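The chain contents come next:
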Amino acid sequence: MKKIIIIVLLLFSASMFAQMYNPVKWSTSVEKVSDKEYILKAKAIIQSGWHLYGQYIEEGGPSRTAFTFKNPNKNFELIGKTTEEKGHEVVDKIFDMKIKYFEDKALFTQKIKFTSDNISNIEGEVEFMVCDDSNCLPPTSEELAFKIPTEKKLAATEETAIVKEDSTTAKTEEKAVVQTEEKAIKPVVSSQKKTESRGLLTIFILAFLSGFAALLTPCVFPMIPMTVSYFTKQSKTKAAGIRNAMIYGFSIVIIYVLLGSIVTVIFGADSLNALSTNVWFNLIFFILLIVFACSFLGAFEIMLPNALANKVDSQADKGGLIGIFFMALALAIVSFSCTGPIVGTLLVEAASKGGIAPIVGMLGFSIAIALPFSLFAAFPGWLNALPKSGGWLNTVKVVLGFLELALAFKFLSNADLVLQLHWLEREVFLAIWIAVFGMLAFYLFGKITLPHDSPLNHISVGRLGFGLLVLSFTIYLIPGLWGAPLKLISGFPPPMQYSESPNGLGVSSNSELKITGSLPEGAEHGPQNIITFHDYDKGMEYAKKEGKPVLLDFTGYACVNCRKMEELVWSDPKVLGVLNNDVVLISLYVDDKKELPENEQYVSETTGKKIKTIGNKWSDLQIKTYKANAQPFYVIVDHKSANLTEPSAYNPNIEEYYGWLQSGVGKFKK
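K.L.:
So what exactly am I meant to see when it comes to helix H18 (residues 614-626) here?
P.N.:
An α-helix turns once per 3.6 residues; consequently, residues spaced three or four apart project the same way. The terminal C-alpha atoms of H18, which comprises 13 residues, lie 18 Å apart, in line with the 18 Å expected from a rise of 1.5 Å per residue. One or two residues past the end of H18 sits Lys 627, with phi positive at roughly 50°.

K.L.:
Looking at this model, I keep getting lost on the packing of helix H17 (residues 573-581) against helix H19 (residues 654-669). Mind explaining?
P.N.:
Relative orientation and spacing of two packed helices are given, respectively, by the angle between their axes and the distance between those axes. Following both chains from N to C, one finds H17 and H19 inclined at 25°, their axes separated by 9 Å at the closest point. With respect to H19, the element H17 is oriented roughly parallel. Remark: the crossing between H17 and H19 carries left-handed chirality. The residues of H19 that touch H17, namely those facing Lys 574, Val 575, Val 578 and Leu 579, are Ile 654, Glu 655, Tyr 657, Tyr 658, Leu 661, Gln 662 and Val 665. The residue inventory of the contact of H17 with H19, partitioned by class, reads eight nonpolar, one polar and two charged.

K.L.:
Help me out: how do you make sense of helix H15 (residues 536-546) in this one?
P.N.:
Inspection of H15 places Tyr 536, Gly 539, Met 540 and Ala 543 among the buried residues, and these make up the whole buried set. Buried residues of H15 fall within an arc of 100° about the axis and therefore sit on the same side. Turned more than 90 degrees off the buried face of H15, the exposed positions are Asp 537, Glu 541 and Lys 545. Positioned one or two residues after H15, Gly 547 has a phi angle of 70°, which is positive.

K.L.:
In this structure, what is going on with the pattern of salt bridges? I would like to understand it.
P.N.:
Once their charged atoms are close, side chains differing in charge can pair, the charge on each being opposite to the other. The full count for this structure, using the stated rule, is eight salt bridges. One salt bridge connects Glu 123 with Lys 70, and the closest N-O pair in it is separated by 3.4 Å. Of this pair, Glu 123 sits in strand E9 (residues 121-128) while Lys 70 is found in the loop between strand E4 (66-69) and strand E5 (76-84), placing the two residues 53 residues apart along the sequence. On the accessibility criterion, Lys 70 (42% relative accessible area) is partly exposed. One salt bridge in this structure joins Glu 655 and Lys 574, with 3.1 Å as the shortest N-O distance. Here Glu 655 is found in helix H19, whereas its partner Lys 574 is found in helix H17, with 81 residues between them in sequence. Salt bridges linked by common partners bring Asp 572, Lys 574 and Glu 655 together as one network.

K.L.:
What should I look at first to understand the environment of Ile 367 in this one?
P.N.:
Turning to its location among the elements, Ile 367 is positioned in helix H11 (residues 357-378). Ile 367 sits in the partly exposed class, given a relative accessible area of 27%. Through-space distance from the C-alpha of Ile 367 to that of Val 257 is 9.9 Å; in sequence the pair is 110 residues apart. With residues near it in sequence (within four places) discarded, Ile 367 still touches Phe 204, Phe 208 and Val 253.

K.L.:
Explain the pairing of E9 to me, please; I cannot follow it from the model alone.
P.N.:
Along any regular strand the residues' side chains alternate between the sheet's two faces. Burial along E9 is one-sided: the residues Ile 122, Gly 124, Val 126 and Phe 128 are buried and none of Asn 121, Glu 123, Glu 125 and Glu 127 is. When E9 meets strand E11 (residues 140-147), the two strands line up antiparallel, connected through eight bridges. Along E11, the bridge assignment pairs Val 126 with Glu 142.

K.L.:
Even after reading the chapter, I still don't get the pairing of strand E15 (residues 584-589), so can you show me in this structure?
P.N.:
Counting buried positions over the six residues of E15 gives six, a clear majority of the element. Residues of E15 alternate between two faces, with Val 584, Ile 586 and Leu 588 on one and Leu 585, Ser 587 and Tyr 589 on the opposite face, all of them buried. In this structure, strand E13 (residues 531-533) lies alongside E15, joined through two bridges in parallel fashion. Within the sheet, the bridge partner assigned to Phe 533 lies in E15 and is Ile 586. Bridging between strand E14 (residues 550-555) and E15 involves six bridges; their strand directions are parallel. Residue Leu 551 lies in a different strand from E15, and its bridge partner there is Leu 585.

K.L.:
I tried to follow the nonpolar core on my own but got confused; where do I start?
P.N.:
In globular proteins that are soluble, nonpolar side chains generally tend to be buried together. Membership of the largest hydrophobic core comes to 35 residues, with the highest contact counts inside it found for Tyr 248, Ile 252, Tyr 256, Ile 342, Met 362 and Phe 365. Counting residues per element, the ones that place at least two in this core are helix H3 (186-215), helix H5 (238-267), helix H9 (320-334), helix H10 (336-351) and H11. When residues of this core are assigned to their parent elements, the largest contribution, nine residues, is made by H11. Ignoring anything within four residues of it in the chain, the contact list for Phe 365 reads Ala 207, Phe 208, Ser 210, Gly 211, Ala 214, Tyr 256, Thr 339, Ile 342, Val 343 and Leu 346. Membership of the second largest hydrophobic core comes to 29 residues, among which are Ala 441, Tyr 443, Leu 486 and Ile 489.

K.L.:
Sorry if this is basic, but what is going on with a nonpolar patch on the surface here?
P.N.:
The grouping of Leu 456, Ile 459, Leu 464, Leu 468, Leu 471, Ile 475, Ile 478 and Trp 482 at the surface amounts to a nonpolar patch, some 680 Å² of accessible area in total. Its place among the elements puts Leu 456 in the loop between helix H13 (426-444) and helix H14 (461-477).

K.L.:
Could you clarify how one ought to interpret the sheet that holds strand E1 (residues 24-32) in this entry?
P.N.:
Strands in a sheet are paired, the pairing made by backbone hydrogen bonds, and the direction either parallel or antiparallel. Spatial ordering of the open sheet is given by E1-E2-E8-E5, a layout of four strands whose pairing is antiparallel. Two strands in the sheet have a free side with no partner beyond their single neighbour: E1 and E5. Here the strands of the sheet are splayed against their neighbours by 20° on average, with no regard to which way each runs. With nine bridges connecting them, E1 and strand E2 (residues 37-46) associate as antiparallel partners. Bridging across to E2, Val 30 finds its partner in Leu 40.

K.L.:
Teacher, can you tell me more about the packing of aromatic side chains here?
P.N.:
In this description, an aromatic ring pair is defined by two values, namely the gap between the centres and the angle between the planes. Following the criterion strictly, the structure yields 21 aromatic pairs and no others. Here the aromatic rings of Phe 67 and Phe 108 are separated by 5.0 Å at their centres, their planes lie at 50°, and the arrangement is tilted. On the criterion of sequence distance, the pair formed by Phe 67 in strand E4 and Phe 108 in strand E8 (residues 105-114) is long-range, its members being 41 residues apart. The exposure class of Phe 67 is buried, given its relative accessible area of 14%. With a relative accessible area of 1%, Phe 108 lands in the buried category. Between Phe 429 and Trp 433 the ring centres are 5.2 Å apart and the planes differ by 35°, which places this aromatic pair in the tilted class. Of this pair, Phe 429 and Trp 433 are both found in helix H13, four residues apart, which corresponds to roughly one turn of the helix.

K.L.:
Please clarify how the sheet that holds strand E6 (residues 88-92) should be interpreted in this entry.
P.N.:
Ordered in space as E6-E7-E3-E10, the four strands form an open sheet in which the pairing is antiparallel. Strands with a single pairing partner mark the edges of an open sheet, and in this sheet they are E6 and strand E10 (130-131). The sheet contact formed by strand E3 (residues 51-53) and E10 spans two bridges and is antiparallel. Paired with Leu 52 across the bridge in E10 is Val 130.

K.L.:
Even after reading the chapter, I still don't get the side chain of Ser 604, so can you show me in this structure?
P.N.:
Mapped onto the elements of the fold, Ser 604 is located in the loop between strand E16 (602-603) and strand E17 (610-611). Exposure remark for Ser 604: the relative accessible area of 3% places this residue in the buried category. If we ignore the near neighbours within four places in the chain, the residues touching Ser 604 are Lys 609, Ile 611 and Asp 620.

K.L.:
Hey, could you run me through the side chain of Arg 463 in this one?
P.N.:
Positionally, Arg 463 belongs in helix H14. One buried charged residue, Arg 463, remains without a salt bridge, the closest side chain of opposite sign being Asp 453 at 6.1 Å. At 2.8 Å, the side chain of Arg 463 forms a polar contact with the backbone oxygen of Tyr 443. Dropping the residues within four chain positions of it, Arg 463 is found in contact with Thr 395, Tyr 443, Leu 444, Gly 446 and Leu 456.

Scoring rules and cut-offs
- Residues numbered from 1 in each chain as written.
- Predicted model: local features only at pLDDT ≥ 70, side-chain atom pairs only at ≥ 80, totals over all residues.
- Heavy atoms only, no water.
- Helix = DSSP H or I, 4+ residues; strand = E, 2+ residues; numbered from the N terminus.
- Expected span 1.5 Å × (residues − 1).
- Axes fitted to C-alpha atoms, helices over the stretch in contact; angles between N-to-C directions.
- Parallel < 35°, antiparallel > 145°, perpendicular 65-115°, else oblique.
- Left-handed = near helix turned anticlockwise from the far one by under 90°.
- Contact = heavy atoms within 4.5 Å.
- Nonpolar A, V, L, I, M, F, W, Y, C, P; charged D, E, K, R; others polar.
- Buried < 20%, exposed > 50% of the residue type's maximum accessible area, 1.4 Å probe, protein only.
- Arc of directions from axis to C-beta.
- Salt bridge = Lys/Arg side-chain N within 4 Å of Asp/Glu carboxyl O.
- Pairing = 2+ DSSP bridges.
- Core = buried A, V, L, I, M, F, W, Y, C linked by side-chain atoms within 4.5 Å.
- Patch = residues over 30% accessible without salt bridge, like charges linked within 9 Å, V, L, I, M, F, W, Y side chains within 5 Å.
- Areas by Shrake-Rupley, 256 points an atom, 1.4 Å probe, with all protein chains shown as cover.
- Phe/Tyr/Trp six-rings, centres within 6.5 Å; stacked < 30°, edge-to-face > 60°.
- Lys, Arg positive; Asp, Glu negative; His and termini not counted.
- Polar contact = N/O pair within 3.5 Å; in protein donor to acceptor, adjacent residues only side chain to side chain.

Shown next, in the form of structure tokens:
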């Protein structure tokens, strides 16, 4: 059943890439204020997961929503500006500015005053841009018609009719969108499946390792021999003892998976992912993890109410399958002071993935907890090889406390990045981590003792080795204060540009290097100083001359994920080497507002809209040729514009993207 759920989720998410989108439906209505004054209303219904940008965004940001009305000042005049609802405001890291956007729906209103009595209809146009977490669609426009009620008593009726008609149209268009989504491009679907699958596998492995760490805490480890001995002695046969122990382990898995399922159902797959970037969510979990860390370090114990533990324990005395289940539940409650912080942290991390990640995480965690009980019941002789309980169990707990403390500052960093406060810049974050892991190294070497620690007469070889590993990691972090990339922890500290010295001490960024040598005609230096063409024909001509394949880059000036690919993936030395030496890059900006010469303007055979700008032209090319209209979108073609490999969409996995480039270049050389 779980496999089916995972496959359905992956197919659903995969269908959202490399296909035709129409995520916004517009409807209009008119409200009468007086005999001469009316309010024109334009309502946008936005498909879930997408957002529409507001009207008032500074220059240099994403394309704003803009309304125009035909023949104002002739039959009517506009009173004030077009107003909009509150929406959401965030400080965007890519554009470095405050940006307003709308989700689900948005209402725009414009007050007008008639200067003529012969008006039955007002025509307008809205230009807008929408994005989701992986794609940005090129700016598009839609014509709007506002029907003016001829009689006061008909006003409400006509407004309702418009909305009703739009609702019917929306359903028809939605059905068309669903049918179009079934034609998604295969390689992009495959790539997305791999990414989703790998993300869930990573969550499972990390959760399994966390469960193993929890197993070695003072709350759980001593329970293994006690519980296994109980099952083997109370059961009439060895087979019955093994069976009961396995049921016990299976019950542990059910309890924790049920917890992950409850979290997913309560919050929902989408809201978990949204919460992971919420300022308050990150601040709350920063405080929560600090509390967990203090508990692990010995400041206090986090306990569930004793009454609950006693009630569950009494149910465990009933025997049978129900009794075994309640024994497992009792273990979960009694060990909460050790497992609670780990489980809480796992659920928070899984929240950033969304979907069924909390369920997968709890599955991995519970299997690690349950496995020893089943194995030792099957092979009781192994119990003799178990190390005896002692001070080393508290050491494991303290180590987990230091790790919780370090992780807490990741959540604080997330909040700081969203707000762009620059309080926890890269250097400050790394200084905190150096201090935390440095103190952990001192603790492992016995230079620091904490409450509940046993006297330490000597250091074991294992503890010494782990201490040296932590000390090495601490030393590795130090050059990061002066601009070292620290790829081992990529993604944890704030990005390089979010620091006191974005380019490192005495180092200039790649974009600031002085480039020498002449450029081919029609080319310029693009992202990462790659030679880039913006004209399809000139780029193709140069590719023929150089004998190289072409990388078509359908992009946009206001495309957030295009910038992410250019900054995070294209900057990799392997990828950059291919882009500089093995292909000719043609970047086609679908939001380029420059108008085409009048003799080059045409009506699109695909959409039926007039192609007036350079951006319209490249967008129409993408739609017509590849049946896709989302950016970024990459295609490797030969000199006859034939695909050398299947197209690729947004893919932050460097190795996959590099492999995709190599595949296309390799086929061209054959």
